[in-house]
Amino acid sequence: MDKTTTDGGNPVASDEYSLTAGPGGPNLLQDAYLVEKLAHFVRERIPDRVYHVKGFGGFGTFEVTHDVTGFTKAAFLNTVGKRTPMLARISLVAGEEGYPDTDRDVRGFALKFYTEEGNYDLVGNNTPVFFVRDPMKFPDFIHSQERRPETGLRDNNMQWDFWTLSPESAHQVTYLMGDRGTPRTLRHMNGYGSDTYMWTNAGGERFWVKYHWKTEQGVENFSDAEAKAMRGTDPDFHRRDLHDAIARGEHPAWRLEVQLMPYADAPDYRFNPFDITKIWPHADYPLIPVGRFVLDRNPTDFFAEINQVAFDVANFVPGIGPSPDRMVLGRMFAYADSARYRNGANYMELPVNRPLTEVHNYNKDGPMRHGRHSGPVYAPNSYGGPKADPRFPDASWSFEGGEIVRTAYEAHRDDDDFMQARMLYRDVLDAPARDRLAGNIAGHLGDGVERFIQQRAIDGYWSQVDPDLGRDVAQRLGLAVPAMAR
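Residues numbered from 1 in each chain as written. Predicted model: local features only at pLDDT ≥ 70, side-chain atom pairs only at ≥ 80, totals over all residues. Heavy atoms only, no water.

Student: Mind laying out the pairing of strand 3 (residues 107–115), listing which residues take part and the relevant values?
Tutor: Taken across its 9 residues, strand 3 has 9 buried, putting it largely inside the fold. Of the two faces of strand 3, the one lined by R107, F109, L111, F113 and T115 and the one lined by G108, A110, K112 and Y114 are each fully buried. Relative to strand 3, strand 2 (residues 83–92) is paired through 7 bridges, and the arrangement is antiparallel. For L87, the partnering residue across the bridge sits in strand 3 and is K112. Between strand 3 and the antiparallel strand that follows it, strand 4 (residues 118–125), lie 2 residues. (Buried < 20%, exposed > 50% of the residue type's maximum accessible area, 1.4 Å probe, protein only. Helix = DSSP H or I, 4+ residues; strand = E, 2+ residues; numbered from the N terminus. Pairing = 2+ DSSP bridges.)

Shown next as structure tokens:
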């Protein structure tokens, strides 16, 4: 049996009794182990993520199943059968640690690939779109989903006020209020990169790419009533289900399929292809199979491996890069900055974040630094320090320049905030799903949302998605039905 030690490795006399001045006397400050134990205890927490707080995850392997070397030179994708170790973290967006994880919410879907060219991090959700298209509105969106500052309570009124004043959210809110807002388990939902990225092949040819992770377990969802009932039965149901499935050998798997748009298609495509509030129709850009990953190992220390894991959207490997998608470009700063705040400047030295490749740069010192510099700490230098390699240029694209401005995306001929939500409602959902959607919307709108915001949601939001949907929700709430929906 292992013997208890201090953090310095020194043996400890007792796990139960502190050092005192006699059996009935006071504790002594010289009890170094007691002081160490209490001091460490009150420092056990690090700052939570601001969003995606409650997470779950596991380790596994990604395997290439189809040849995509014509589209990207990324080394971990260059050979059919090639396997790369990875980690997946799946999370709630709005709920804190301890929040019921079956509640209606978007689920984060973040992947870290430990490749031979460094880490590749890909973040997304269980929906192919997002609520806003410009990072300027991202903090406001998150604030609207959190707790009111004066009461400390979640508030549907804030959410609907923001959504109905941000019509670009309609597509995502339709997903959220539909069946996909309450997945049965994390194993039974798809994941998406959501944003648009760039792939570049060995010949320098460029493609725009969207990622789709298709669950091999099949898509299954809770009804609204089932999800609400589970919050009182097991608030950690999703975390427990994923852990237990991996532990008993039912290893969940997802297929990677991508949509690829030729570089030259983007400027004249019928809507802006870099707008994260829209999908690319599969009829225009069909799914192409790439590979699959399997989660087959649970974390051995949840805090160290799931809480402290950090995803940096700027962690690209050669052959993969960003696009003009504004949310990607904003996330390339925000995610790494969040990790430095939570885990410290040397967060990449934590085992779960450390790449398999050796790191050579001129960053130095900072809290918790344990790597050693054996050479110069500045560049340029005359003593053999690392040098950048121009054979690995940054991903780039061209655009017609002009003045630096603050403006919306330039509209393409079919750009419309409600168009794809309308297609989802009319062409994808069947009649029972449309009925459940209307019921979920009415239930959420009817829970503490002021009447004028409810009416705005009918007139300027859901009736714009579809008049029948606007009328259905209005009737359930006892609101006036807009003329266009009568």
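Structure's up, so let's keep going.
Student: Kindly report on the nonpolar core, identifying the contributing residues and their values.
Tutor: Among the nonpolar cores identified, the biggest contains 87 residues, and F62, W160, Y211 and W213 are the most heavily contacted of them. M198, Y269, F271 and W280 belong to the second-largest nonpolar core, a separate cluster that totals 11 residues. (Core = buried A, V, L, I, M, F, W, Y, C linked by side-chain atoms within 4.5 Å.)

Student: Please provide a residue-by-residue account of the pairing of strand 4, values included.
Tutor: In terms of residue burial, strand 4 counts as a mostly covered element, since 8 of its 8 residues are buried. As paired strands, strand 3 and strand 4 are joined by 8 bridges and run antiparallel to one another. Following the sheet pairing, F109 is matched in strand 4 by G124.

Student: Describe the packing of aromatic side chains, with residues and values.
Tutor: All told, the structure shown has 35 aromatic pairs when counted by the stated rule. Centre to centre, the rings of F76 and Y120 are 6.0 Å apart; their planes meet at 45°, and the pair counts as tilted. Of this pair, F76 sits in the loop between strand 1 (55–64) and strand 2 while Y120 is found in strand 4, placing the two residues 44 residues apart along the sequence. Comparing F76 with Y120 shows no difference in burial state: the two are buried. Taken together, the ring pairs in this structure connect F62, F76, F109, F113, Y120, Y197, W199, Y211, W213, W254, F293 and F316 into an aromatic cluster. Geometry around F311 places K112 over its ring, the cationic atom sitting 5.2 Å from the centre. The aromatic ring of Y425 is capped on one face by R434, whose charged end is 5.8 Å from the ring centroid. (Phe/Tyr/Trp six-rings, centres within 6.5 Å; stacked < 30°, edge-to-face > 60°. Lys NZ or Arg CZ within 6 Å of the ring centre and 35° of its normal.)

Student: Kindly report on unusual backbone geometry, identifying the contributing residues and their values.
Tutor: The residue after A379, namely P380, is reached through a cis peptide bond having omega 0°. Turning to its location among the elements, P380 is positioned in the loop between helix 8 (326–343) and helix 9 (419–428). Even without being a glycine, M368 presents a positive backbone phi close to 65°. Residue M368 is classed as exposed on the basis of its relative accessible area, which comes to 70%.

Student: Pulling in residues and values, what's your account of the side chain of K278?
Tutor: As for its position among the elements, K278 is in the loop between strand 8 (253–262) and strand 9 (288–297). Separated by 3.1 Å, the side chains of K278 and D275 make a polar contact. In this view, K278 contacts V129, R133, H171, K210, F271, D415, D416, D417, M419 and Q420; residues no more than four positions away in its chain are not counted. (Polar contact = N/O pair within 3.5 Å; in protein donor to acceptor, adjacent residues only side chain to side chain. Contact = heavy atoms within 4.5 Å.)

Student: Describe a nonpolar patch on the surface, with residues and values.
Tutor: A surface patch of nonpolar side chains, about 330 Å² in accessible area, is lined by V377, Y378 and Y383. Residue placement: Y383 occurs in the loop between helix 8 and helix 9. (Patch = residues over 30% accessible without salt bridge, like charges linked within 9 Å, V, L, I, M, F, W, Y side chains within 5 Å. Areas by Shrake-Rupley, 256 points an atom, 1.4 Å probe, with all protein chains shown as cover. Salt bridge = Lys/Arg side-chain N within 4 Å of Asp/Glu carboxyl O.)

Student: Tell me about the pattern of salt bridges, and name the residues and values.
Tutor: Oppositely charged side chains may form a pair once their charged atoms are brought near each other. Evaluated as defined, the whole model comprises 38 salt bridges. We note a salt bridge from R104 to D224, for which the minimum N-O separation is 3.0 Å. Of this pair, R104 sits in the loop between strand 2 and strand 3 while D224 sits in helix 5 (residues 224–233), and the two are 120 residues apart along the sequence. By relative accessible area, D224 is classed as partly exposed at 21%.

Note that every value here comes from positions in space, so none of it alone points to a role or purpose.
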